[in-house]
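# Fold and geometry: a report
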Amino acid sequence: MILAVAAVAATGSAAAQAPGEGQTPGKRATPAPGLKFTLERLGNFAYAGDPVLVRVAVFNTAETAYANTGGIDLVGSLSVIDESKGEALKARQGRAADNRSEPQVLPPGGFFGYIKDLREVVEGLDVPGRYDVRLAAGETPPELVTVVVISPYDPATAYRATIDTDYGKLTFDLLGKEAPHHVQNFYDLANQGYYDGTLFHAIVKGIEIHGGDKTGNAQSSPGYTLEPEISADLHHKRGSLSMFRTGPRDHGSLFVISLTDSPNLDGALTMFGSLASGDETLTALENLPTTGTRENPPYRPLQPARIRSIRVAPAPEGSAATAAGTSNPNEPAAVKPEEAAPGGQQ
């Protein structure tokens, strides 16, 4: 199911409702000046079938205590909209939290809240997609965050990535057997929309193209690095897809597309894909004029080279994509919080 929710803060009032009385999705609560409501995500995405966790809380910002005799229906103030249909998901019966667990009095500066699985709040979060989550509490307009549910990654499946650019499409057969952690990481980032709207921030004609940065200057990161997965059987050539290197570990999101045979990268970068189609698009990107070395960062295209989207799906039969096998490739050493700023091996 889904998971991602961005932090939401709404200043307004609380609902004084009896426990078990679920509200209509989006219905506002009775005013209570001085109460501030928050909604926070506890993950960037979720696989279909996994918990969709959010934290909802209320803070008393007033100088006087708030008498919480009737309870505050935080959970009942949540609603979820399916973006593709523009429709609210059906609220589950009895979804409101038990207000007997709430404090009777909320002192100045006090707060309480819940961590809630949204699957317990509404029906239908078992379908991959994008969903808008709203917290409608008090008299302020409902705050909105987007959560994403993607199909679970299957290490026994071979995958193909499609990069849709302003200059055409590139498809890459992913090497799940040789680089299982990198392929799953790319699958997760791509399918949650991490790369959508980003730029190829560096193009060195005849050498390589760099992408995967959300700022356009190679300074962004998903917040972690990856253990390199170097295979002696793989050799970098035109159309090889590799992960950028940051010191002893690989970057979490920045990738490199080789534009020529690059034996100097063999053993240095983790190769996790190869071009299946779109060489004409690669050529169009390669021929874009750039700043060269006149600016920092160098080789920035003079006109935006935009990645409209990247999506990863099962590869067709007969492709060069490989699969890791039936075991789960997730291991504690695969992903590590970022230790170094982006940059390094090229």
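As the structure is a prediction and not an experimental result, all values here were calculated from the model.

Parameters at a glance
Residues numbered from 1 in each chain as written. Predicted model: local features only at pLDDT ≥ 70, side-chain atom pairs only at ≥ 80, totals over all residues. Heavy atoms only, no water. Helix = DSSP H or I, 4+ residues; strand = E, 2+ residues; numbered from the N terminus. Buried < 20%, exposed > 50% of the residue type's maximum accessible area, 1.4 Å probe, protein only. Contact = heavy atoms within 4.5 Å. Arc of directions from axis to C-beta. Pairing = 2+ DSSP bridges. Axes fitted to C-alpha atoms, helices over the stretch in contact; angles between N-to-C directions. Salt bridge = Lys/Arg side-chain N within 4 Å of Asp/Glu carboxyl O. Phe/Tyr/Trp six-rings, centres within 6.5 Å; stacked < 30°, edge-to-face > 60°.

All right, on to the overall build of the protein then. A tally of helices and strands in the protein yields 2 helices and 21 strands. Counting only residues that meet the buried cut, the protein has 51% of its 346 residues in that class. Long-range pairs, those at least 24 residues apart, make up 75% of the contacts in the protein between residues at least 6 apart in sequence.

So, about helix α2 (residues 279-286). Inspection of α2 places T281, L282, L285 and E286 among the buried residues, and these make up the whole buried set. Buried residues in α2, looked at end-on, bunch into an arc of 140°, giving them a common side. On its buried side, α2 packs onto β12 (159-165), β13 (168-174), β14 (202-204), β15 (208-211), β18 (249-258) and β19 (271-277).

Once that is clear, we can look at the environment of G71. On the secondary structure map, G71 appears in the loop between β5 (66-67) and β6 (78-82). Taking the relative accessible area as the measure of exposure, G71 reaches 3% and is therefore buried. Along the chain, G71 and E102 lie 31 residues apart, while their C-alpha atoms are 6.8 Å from each other.

Right, let's get into the sheet that holds strand β3 (residues 46-47). Sheets are built from strands paired through backbone hydrogen bonds, the pairs being either parallel or antiparallel. If you trace the 5 strands from one edge of the open sheet to the other, you get β3-β11-β10-β6-β7, paired in mixed fashion. At either end of the open sheet lies a strand with only one pairing partner, and these are β3 and β7 (87-88). The sheet contact formed by β6 and β7 spans 2 bridges and is antiparallel. Each bridged residue has a counterpart across the sheet, and for D82 the counterpart in β7 is E87. Along the sheet, helix α1 (residues 180-191) contacts β3 and β11 (143-150); its crossing angle with β11, the most-contacted strand, is approximately 140°.

For the structure on display, the rule yields 11 salt bridges. Here R245 makes a salt bridge to D250, at a shortest N to O gap of 3.5 Å. Each of the two residues, R245 as well as D250, counts as buried. What you see here is one network of salt bridges that share partners, running through R238, D279 and E286.

With that settled, consider the packing of aromatic side chains. If you walk through the whole model with that rule in mind, you get 12 aromatic pairs. The interplanar angle of 75° and the centroid separation of 5.5 Å between the aromatic rings of F45 and Y47 together place this pair among those described as edge-to-face. For the pair formed by F45 and Y47, the shared burial category is buried. These aromatic residues form a ring-pair network of at least three members: F186, Y194, Y195, F200, F255 and F272.

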